[in-house]
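Per-entry structural report
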Amino acid sequence: MDQRPSGRRSALLVGVAIVAVAFFAQLYFSHSDSQPVVVRQDRILMGTVWSLQVVPSGQPHDATEQTLDQAFAEVSRIDRLMSEWKPESPLSAINAAAGTGGIEVPAELVDIIRRGIRYGDLTDGAFDITWLGMGKLWHFDQAFTPPSESQVMEARSRVDYRKIRIDGNHVSIPAGWKIGLGGIAKGYAIDRAADKLREAGFRNFLVNGGGDVLVVGRKGEHDWTVGVRDPRGGPQDLVARVRTDGAVVTSGDYERFRIVDGVRYHHIIDPRTGRPARLCRSVTIVADQAERADVLATSVFVLGPTRGLQLVSTLPHVEAFIIDSSGKRWMSEGFQRIAEFASE
C-alpha cells in the first residue's frame, strides 16, 4: 500500500499544464474564440492541490461559484471523516480504540471499510487497508535507511485486512493495528465531488485531486486530455495522452523514494511482504469511477503486469497501462483505443 498521506500523486498532467500552485478559493474564467468558457477553482485539501474545472451550460457565475464551493466542501467533509492523519476523525477513533473492542462510527465510513475489505479479496491482498499498522517503517526523509528484515517482519505482523471486525456500524481491530484509507478515500472524494457537479446540472467538467483525475463530457469541441508522465523523465515528459470520459489515476515509484546502494526504495508497499513492490515503475488505470481507479492503480502496481492485466481483464469499464521495472510497456486492449503514445 501507499505509505503516505492521501494526497500523494503528481503523476498526471491535465492538458499541457502541471497543477503546481494552489489559488486558494480563487475563481477564474478562461476562453478564446476556439475554446468555451471554463470556470476553474483550486484549493489545497487532503494535503494536496485540488482543481475543479467546469464548462457552464447556462448557469450564472454566482451559481457556478456556489456549486464549486459545495463540491470542495464535500471533499473536506470526507477528509474529516476518513483521514488517518487527523486525530479527530472517526477513522482515527477506530485506530485509537484498537484492542478495546472497537467503537460505533458513521455508516458511510463503515461502507468504505467494507469496500476496502472486498478490494482486498479481489486483489488477493495486494490492497490492504490495514497497511497503516506498519507505522513509520518506511519513511523517506533525509535520515532514511532501509529497515532490517526483523523490523519488516515485526511491522508486517500487524497487516491483514481480514482481522477487521464489523458488526452493524461497530468496527474493531486488534491492539496495535491501524486502518489507513489513503488508497481509496481520495478516489471516493473525487466521485462525490463529481456528484455535486452533476446534481447542479453540469455535464462537462474535470475534477483533479492531486493528479488523480475524473473527466466528464467534453471541453467544448475538444476532449479533456490527461497526460501520463514518464516515470524516469521529468515532470513534463509524457509517455501517453489519454482521452476518455472517466477516471485516470497513476501510481509510480518516482513520487516518494530514496536510492541506497543503487536500490530504489519507494512508497508503494506490498502489504503481503512489507517491502516496496518491485515489478513496476508506474501503473495508470482508467475506470468509470475514481474510487475504483484509485484502488486498482496501487493494486496492479503491487501485482505486476502479468497478474495485474489478468485482474483488469475481469473487470468491466477498466483499462490499464503499465511500465514494468525494466521499462517495458504493457496495456489492456481498450487502453490502446483511448491513448496517444510518445515514441519509446
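Everything below is about the structure shown above.
Everything numeric here is computed off the predicted structure, so don't read it as measured data.

1. Examining unusual backbone geometry
Backbone geometry places D124, a non-glycine residue, at a positive phi of 55°. Along the chain, the position of D124 falls in the loop between α3 (107-122) and α4 (149-156). Despite not being glycine, H317 has its phi angle at roughly 60°, a positive value. With respect to the element layout, H317 can be found in the loop between α7 (305-313) and β18 (318-324).

2. Observations concerning the nonpolar core
Counting 70 residues, the largest nonpolar core has L109, I113, I179, L181 and I285 as the members making the most contacts within it. Broken down by element, this core gets its largest block of residues, 9 residues, from helix α6 (residues 290-303). Among all residues touching I285, those that are not within four sequence positions of it are A247, V248, V249, A293, L296, A297, V300, V312, V318, E319 and A320. Membership of the second largest hydrophobic core comes to 17 residues, among which are V239, V248, F321 and I323.

3. Here's the deal with the packing of aromatic side chains
Applying the stated criterion to the full structure yields 8 aromatic pairs. An angle of 25° between the planes, with centres 6.0 Å apart, marks the rings of W138 and Y265 as stacked. Of this pair, W138 sits in the loop between α3 and α4 while Y265 sits in strand β14 (residues 263-266), and the two are 127 residues apart along the sequence. For the pair formed by W138 and Y265, the shared burial category is buried. Among the aromatic residues, ring-to-ring pairing joins W138, F140, F144 and Y265 into one connected group. The ring of F257 carries R264 above its face, with NZ or CZ at 4.2 Å from the centroid. Against the face of W330 rests K328, its NZ or CZ located 4.4 Å from the ring centre.

Analysis parameters
- Residues numbered from 1 in each chain as written.
- Predicted model: local features only at pLDDT ≥ 70, side-chain atom pairs only at ≥ 80, totals over all residues.
- Heavy atoms only, no water.
- Helix = DSSP H or I, 4+ residues; strand = E, 2+ residues; numbered from the N terminus.
- Core = buried A, V, L, I, M, F, W, Y, C linked by side-chain atoms within 4.5 Å.
- Buried < 20%, exposed > 50% of the residue type's maximum accessible area, 1.4 Å probe, protein only.
- Contact = heavy atoms within 4.5 Å.
- Phe/Tyr/Trp six-rings, centres within 6.5 Å; stacked < 30°, edge-to-face > 60°.
- Lys NZ or Arg CZ within 6 Å of the ring centre and 35° of its normal.

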